[in-house]
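# Examination of the molecular architecture
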Amino acid sequence: MAQQQTPAGATKTHSSITLYHSPGACSMAAGISLFEAGLDFEVKIVNLKNNEQTLPDFAALNPKKKVPFLVVDSAGLSENVAIQSWIAESWPDTQLLPSDPWNKHRALSYMGWFGSGIHPHITRHFKPTTNGCTHARASKRRSLYAEIKALHR
Ligand SMILES: N[C@@H](CCC(=O)N[C@@H](CS)C(=O)NCC(=O)O)C(=O)O
């Protein structure tokens, strides 16, 4: 059971929060935010190493076939940036995002960058579509490093 503070100051109660997560994947970020907010939540493992994200039950839940995926009272939410913003805004006392608008949106900018520019590349690096092709792996690795280097500009 988790209580959420609405913008109007009212309180909303969620009876269940479930995080679909794979060990070592970026879904850990959503798990850390849920933990930091002190929420009672269940973790369901979708093991990417065994391609469990493609199993029909999970694909029906999240057609993107990716983790993290959050289910709150039977409604689903994908994308780290959305999940973490929802947690931060629902439980503002946790101060998971800065209150200053500029700093808050800089944090969201990083989260958007990781979610769209970095994590999809990491998955493809570890699981190149052209399995066993050294050239494809090397080129994916180069583009991943370029993305990470761009963060430090
Ligand atoms: N844009 C998504 C990216 C999620 C993502 O790439 N998740 C990876 C793990 S870090 C995944 O589930 N990969 C499985 C696949 O692509 O088959 C987000 O920010 O949540």
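These numbers were taken from a predicted model, which means no experiment stands behind them.

Before going further, it helps to examine the site of the ligand. Within the structure, the ligand sits among 15 residues, and Cys26, Lys66, Asn80, Gly115 and His119 are positioned closest to it. Among the elements that line the shell around the ligand, the one with the most residues is helix H4 (residues 101–126), at five residues. Tallied by class, the residues present in the shell around the ligand amount to six nonpolar, six polar and three charged. Lining the shell around the ligand are residues from two domains, each supplying at least three of them: domain 1 (2–94) and domain 2 (101–150).

So, on to helix H1 (residues 27–36). Of all the positions in H1, only Ser27, Ala30, Ser33 and Leu34 are classed as buried. Taken end-on, H1 shows its buried residues confined to a sector of 115 degrees, consistent with a single buried face. Those residues of H1 that are buried are in contact with strand E3 (17–21), strand E5 (69–72) and helix H3 (80–90). Where H1 terminates, the next one or two residues include Gly38, which has phi positive at roughly 75 degrees.

Attention now goes to the pairing of E3. Strand direction decides the pairing type here: E3 and E5, joined by four bridges, are antiparallel. Its bridge partner being in E5, Thr18 is matched across the sheet by Val71. Pairing analysis gives four bridges linking E3 to strand E4 (residues 42–45), with the strands arranged parallel. Across the sheet, residue Thr18 finds its bridge partner in E4, namely Glu42. Following the backbone out of E3, through H1 and into the adjacent parallel E4, one traces a crossover that is right-handed.

Bringing the environment of Asn62 into the picture now. You can see Asn62 is positioned in the loop between helix H2 (56–61) and E5. Take Asn62: there are 19 C-beta atoms within 10 Å of it, and that puts it in the partly exposed class. Counting along the chain gives 15 residues from Asn62 to Leu77, while the straight-line C-alpha distance between them is 8.6 Å. Every residue in contact with Asn62, bar those within four places of it in the chain, is listed here: Phe69, Gly76 and Ser78.

In this structure, Pro68 follows Val67 across a cis peptide bond, with omega equal to 5 degrees. With respect to the helices and strands, Pro68 occurs in the loop between H2 and E5. We note that Ser74 has phi near 70 degrees; this positive angle belongs to a residue other than glycine. Considering the arrangement of structural elements, one finds Ser74 in the loop between E5 and strand E6 (75–78).

We now examine the sheet that holds E6. Strand order in this open sheet of four strands is E4-E3-E5-E6, and the pairing throughout is mixed. This sheet does not close on itself; its edge strands, each paired only once, are E4 and E6. Across the sheet, the mean angle from the axis of one strand to that of its neighbour is 25 degrees, orientation sign disregarded. Against the sheet, H1 contacts E3, E4 and E5, and its axis sits at roughly 150 degrees relative to E3.

Counting residues in hydrophobic clusters, the biggest one holds 15 residues, and the most contacted among them are Leu19, Tyr20, Ala30, Leu34, Val67, Leu70 and Ile87. The biggest single contributor to this core is H3, with three residues. Once residues lying within four places of it in the same chain are set aside, the contact partners of Tyr20 are Ser27, Lys44, Val46, Phe58, Val67, Pro68 and Phe69.

This paragraph deals with the pairing of E5. In the case of a regular strand, side chains alternate between the two sheet surfaces. Sheet topology places E5 next to E6; four bridges connect them, and they run antiparallel. Opposite Leu70, over in E6, you have Leu77 as the bridge partner. The turn linking E5 back onto E6 is made up of two residues, and Asp73 within it adopts a positive phi angle of 45 degrees.

Definitions and cut-offs
- Throughout this document, residue positions are counted from 1 along each chain, in the order its sequence is written.
- The model is predicted, so local features are restricted to residues of pLDDT at least 70 and side-chain atom pairs to those at 80 or more, both for listing and for counting; the totals for chains, interfaces and linings are taken over all residues.
- Using the backbone to place each C-beta atom, any residue with that atom within 6 Å of a molecule or strand is considered near it.
- Helical segments are the DSSP runs of H or I of at least four residues, strand segments are the runs of E of at least two, and each set is numbered from the N terminus.
- The classification used treats Ala, Val, Leu, Ile, Met, Phe, Trp, Tyr, Cys and Pro as nonpolar, Asp, Glu, Lys and Arg as charged, and all other residues, Gly among them, as polar.
- Domain segmentation is taken from an automatic or database assignment of domains.
- Once C-beta atoms are placed from the backbone, each residue is buried if 20 or more other C-beta atoms lie within 10 Å of its own, exposed if 12 or fewer, and partly exposed for counts between those two.
- Of all possible arcs, the one meant is that of the directions from the helix axis to the C-beta atoms.
- Working definition of a contact: two residues with C-beta atoms, positioned from the backbone, lying within 7 Å.
- Strands are labelled as partners when DSSP assigns at least two bridges between them.
- Crossovers are described as right-handed under a simple rule: with the strands pointing away from the observer, the path leading from the first strand over the helix to the second runs clockwise.
- Angles here are taken between N-to-C directions and fall from 0 to 180 degrees, while the axes themselves are lines fitted to C-alpha atoms, restricted in helices to the stretch in contact.
- As used throughout, a nonpolar core is a set of buried Ala, Val, Leu, Ile, Met, Phe, Trp, Tyr and Cys residues joined through C-beta atoms within 7 Å of each other.

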